[in-house]
Amino acid sequence: MAMERTRIAKVDEVVLSRRGEQAKGTLHLTPHHLIFVHSPPPLNEQSPNTPPSRPRELWITYPIISFCTLRPSPIASRQPSSIRLRCRDFTFICFYFNDDRKARDVFESIKAWTCKLGKIEKLYAFTYRPPGPERDVVPSGWSVYDPMREWRRQGLGDEKRNLNWRVSTINKDYQFSPTYPALLVVPTSISDNTLNYAGKYRSRARIPVLSYVHPVNNCSITRCSQPMVGVRQNRSIQDEKLLAAIFGTTRNERPLAGLGSPTPEREDSGSSKDNSLGGDLHQTDAEAIEDAVIAKLRGDDEDSDDMDQKKPMVYGAQQKNMIVDARPTINAIAMQAAGMGSENMDNYKFATKVYLGIDNIHVMRQSLDKVIDTLKDSDLTPLGPNREQLQKSNWLKHIGNMLEGVSLIARQVGLQHSHVLIHCSDGWDRTSQLSALAQMCLDPYYRTLEGFIVLVEKDWLSFGHQFKYRTGFLSSEKWFHIENERVSGRYDEEEGDRKPSGDALSGAQKTFENAFLSAKGFFTKHNNDSRESINVDSEAEAGTDADASSGRKSTSKKNEHDKQVTKVKETAPIFHQFLDATYQLMYEHPSRFEFNERFLKRLLYHLYSCQYGTFLFDNERQRQEANISEKTTSVWNYFLSRRNEFMNPNYDPQVDDNVRGKERLIFPDERKVRWWAQGFGRTDEEMNVPLKYLPASAENNGEESELSSTHDSTQYSHSVPVSRVRTPVVTGVETATAAVGVGSPPGAGTNVSEIAALVENDKKHEQPSLTTSATITSEPEADVEVKDIPEVKAMEPESASAQHAVHEDVVEQLPDGLDPLGIGDVKDHVPATKRVALERRKEQLEALMQ
């Protein structure tokens, strides 16, 4: 079989080009690696008697190749043929061959070893034999994480803390929820029978379960998938009971239960201990807006203390318990057409829900592709990347949005002493990012090497992030091209069809196209493996989990097991973004992490190298069925056997909340987001040079971006301009009685004037009626008419003056000069305002922060 895939095993006189430098050597092709061997040129000062330098070797594992292009050269041209490789660790290499036939043989061999394996079990991890230090690590990387040991560390089973949680074994055989861990932590008041019913209401039975308990206030971070609300506004009494029990676990034991919680906008004006936290608790404009709007919807007015005494004691009124839907509001609403959606807050009166507006996997994949396009010529030239093009990729914007959501969650748990439930669509992409990063901010243990490993094992591996789909270990033939066989133009990743450039699409088209991509796949004939994905290539590639959940036996299950392929549109840099965000926290808090930046870079490399078995499957069940711990080596063995290489010399393990810089809690400052230069294989000087001016992009609809000239440049990111009016990440806030920035929630207004009326009439509980009819069409071959769906469309103003007048009316109706649209660009209702409105909004922000 090896000889069938390897057309040629060795090629001499090959020239390697990388970052503008060239070296001549020999290229070897093995079943798992490309190996380029060359001798470095002798130094000018080297004496004749000095022995020659030892040959150097460059090893490239096949799965790390993300794109391969063959450029054949006609014999008459006298130009060498070339093969260009783009690697997932952002290494870009070009090989030149004197013989075109040999170049083709090398190309076909790489293609066969990369994307024609057909099974995960044929990857390098299953044949890799670790050296002695890795093999003899005690404890083994597979045993670093023990769920029961971690729950005990968090306090479960501690009689002194008397936590109201228990470990359920309802999923011990993975029949209840195949993508969840075997052990689930739920409130002690909830029976397994209730969990069974609640599981029918959550996508893939991923019910709300515990991920983290704060050691000081016993408040929790829980996670789940989206509810099965649908267009009929379905509800589940068991799900509501479960969530109420989660938020009620600290009803009697909460340390600050007897004290009134400060309103969010005044939380830094409390005790001296709070003030001693200094810069870590400094709120940005976005945080102030978010907290002010949330407080307004809850009725947390400054003069409401007397009123609170007259109100009945309903649990949840003292705490700021929150449901965090990581998706943009329009995406969540669109999912109702597919039988999914977001919580109807009429049924969850004990909580407030916020939408974070974090885009889905398709947007993140496209963003990274734009970064790669900016870096792709570095195999031929030593020039640095075009920083304006890097900025237009929106990569830093997505990282900043994620960190701002993390800050909101961490503040709710750590400062507001509240519970937070996090979900997105399936609860394994954005949910994993937010949950893990928030815990890293709250708990110093997760900032140690061992704690970080436990965090990744718990919130990513055990809770079922789809590593196999998101990373594309088995590659795809679509990533291999012969240059003169391609037609110029941009091709669709999945089908190869020519498409117009994305710049040709208007901003409104992009917004609504992205919103309905998440629901599109549910109108096709076959269910997809991921709620975030939109395509299923063929019946053989349809997910077995989806078939199992629908009660059908897949006729292609055996064939799928025998031959697995990568779905290009299921890939996304989700875990990469998590590592990038971790780097941002490390950069802001250099003495608070035990591990260093090199640890993150090597972990990103081994995510794709397939040298270790840790990331090869999608969930706990699959890893147990594959017996992965017996057949492969854990990636943590690699790091634990080389611990000294990954230690931070500036690490300070002392925790003291009374000493600035040593507090238990840390918070990200999204204004300081910068390029992770090492992660992208570049120097800091290349990636993080300040931009003096950036032309307006298509995403801004031609509006000018107002750059700050008053702030100290060292205080903010060294790679991007700082806007005086930054768009906060929260795009919508919803309670049982009011909503801001939500397109068409149950019982909420649908235009700008109604938003102001909702805030003004919060105590009257007046809810405008809705007209609910729409037709949503999916693929041409599967047209589906869905009735009673809240209409989702862009509201175009009659004129710029009319739009400004509406904006003025809304602002005038709000108390304290608060703009409800300040929590985010609510594209569901109105397009972005022009410069006059932007200036007015800036003045409101400045007044609010005084």
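Residues numbered from 1 in each chain as written. Predicted model: local features only at pLDDT ≥ 70, side-chain atom pairs only at ≥ 80, totals over all residues. Heavy atoms only, no water.

Before going further, it helps to spend a moment on the sheet that holds strand β12 (residues 322–325). Sheet strands pair via backbone hydrogen bonds, and the direction of the pair is either parallel or antiparallel. On the basis of which strands lie adjacent, the open sheet formed by 7 strands has the order β10-β11-β14-β12-β13-β18-β19 and mixed pairing. Whereas interior strands pair on both sides, the edge strands pair on one side only; in this sheet they are β10 (209–213) and β19 (739–740). Note: strand β18 (residues 732–734) against β19, 2 bridges, orientation antiparallel. Bridge pairing links Glu 734 to Ala 739 in β19. (Pairing = 2+ DSSP bridges. Helix = DSSP H or I, 4+ residues; strand = E, 2+ residues; numbered from the N terminus.)

Here we take up the environment of Arg 19. By secondary structure assignment, the location of Arg 19 is in the loop between β1 (10–18) and β2 (21–29). Distance in space between the C-alpha atoms of Arg 19 and Leu 380 is 5.9 Å, their sequence separation being 361 residues. Only 2.6 Å separates the side chain of Arg 19 from the side chain of Glu 686, close enough to count as a polar contact. (Polar contact = N/O pair within 3.5 Å; in protein donor to acceptor, adjacent residues only side chain to side chain.)

Our focus in this paragraph is the pattern of salt bridges. Close approach of charged atoms lets side chains of opposite charge pair. Within the structure shown, the criterion is met by 30 salt bridges. A salt bridge links Asp 652 to Lys 662, with the shortest nitrogen-to-oxygen separation between them at 2.2 Å. In this pair, Asp 652 is assigned in the loop between α24 (635–640) and α25 (684–687) and Lys 662 in the loop between α24 and α25, connecting sequence segments 10 residues apart. For Asp 652, a relative accessible area of 26% translates into the label partly exposed. Each of Asp 99, Arg 101 and Asp 105 takes part in one network of salt bridges that share partners. (Salt bridge = Lys/Arg side-chain N within 4 Å of Asp/Glu carboxyl O. Buried < 20%, exposed > 50% of the residue type's maximum accessible area, 1.4 Å probe, protein only.)

The end-to-end C-alpha separation of helix α2 (residues 100–115) is 22 Å, in line with the 22 Å expected for 16 residues at 1.5 Å each. Along α2, the residues that are buried comprise Ala 103, Asp 105, Val 106, Phe 107, Ser 109, Ile 110, Lys 111, Ala 112, Trp 113, Thr 114 and Cys 115. Measuring from the backbone nitrogen of Arg 101 back to the side-chain oxygen at the start of α2 gives 2.9 Å, which picks out Asp 99 as the cap. (Expected span 1.5 Å × (residues − 1).)

Attention now goes to the confidence of the model for the protein chain. Detailed reading of the predicted model is not advised wherever pLDDT is low. A residue-level look at the protein chain finds 63% of positions with pLDDT of 70 or above and a mean pLDDT of 74. In this model residues 521–528 is a low-confidence stretch, pLDDT under 50, and it forms 29 contacts with partners more than four residues away in sequence or in other chains. Between residues 531–561, whose pLDDT stays under 50, and residues either more than four places distant or in other chains, the model counts 70 contacts. (pLDDT = per-residue confidence, 0-100. Contact = heavy atoms within 4.5 Å.)

Residues in a regular strand point their side chains to alternate faces of the sheet. Among the 7 residues in strand β5 (residues 65–71), 6 count as buried, and that is most of the element. Note: β5 against strand β6 (residues 81–87), 6 bridges, orientation antiparallel. The residue bridging Arg 71 from the neighbouring strand is Ser 82, located in β6. The pairing of β5 with strand β15 (residues 480–482) spans 3 bridges and is parallel. Looking at the pairing, Thr 69 lines up with His 481 of β15.

What follows is about the packing of helix α20 (residues 574–588) against helix α21 (residues 597–609). In helix packing, the relevant descriptors are the interaxial angle and the interaxial distance, both defined with respect to the helix axes. Two elements in contact, α20 and α21, have axes separated by 10 Å at closest approach and are oriented at 175°. Judged by the inter-axis angle, α20 sits roughly antiparallel to α21. Counted together, Phe 575, His 576, Leu 579, Thr 582, Tyr 583 and Met 586 of α20 and Glu 597, Leu 600, Leu 603, Leu 604 and Leu 607 of α21 form the full contact between these two elements. Its residues assigned to classes, the contact of α20 with α21 shows 8 nonpolar, 2 polar and 1 charged. (Axes fitted to C-alpha atoms, helices over the stretch in contact; angles between N-to-C directions. Parallel < 35°, antiparallel > 145°, perpendicular 65-115°, else oblique. Nonpolar A, V, L, I, M, F, W, Y, C, P; charged D, E, K, R; others polar.)

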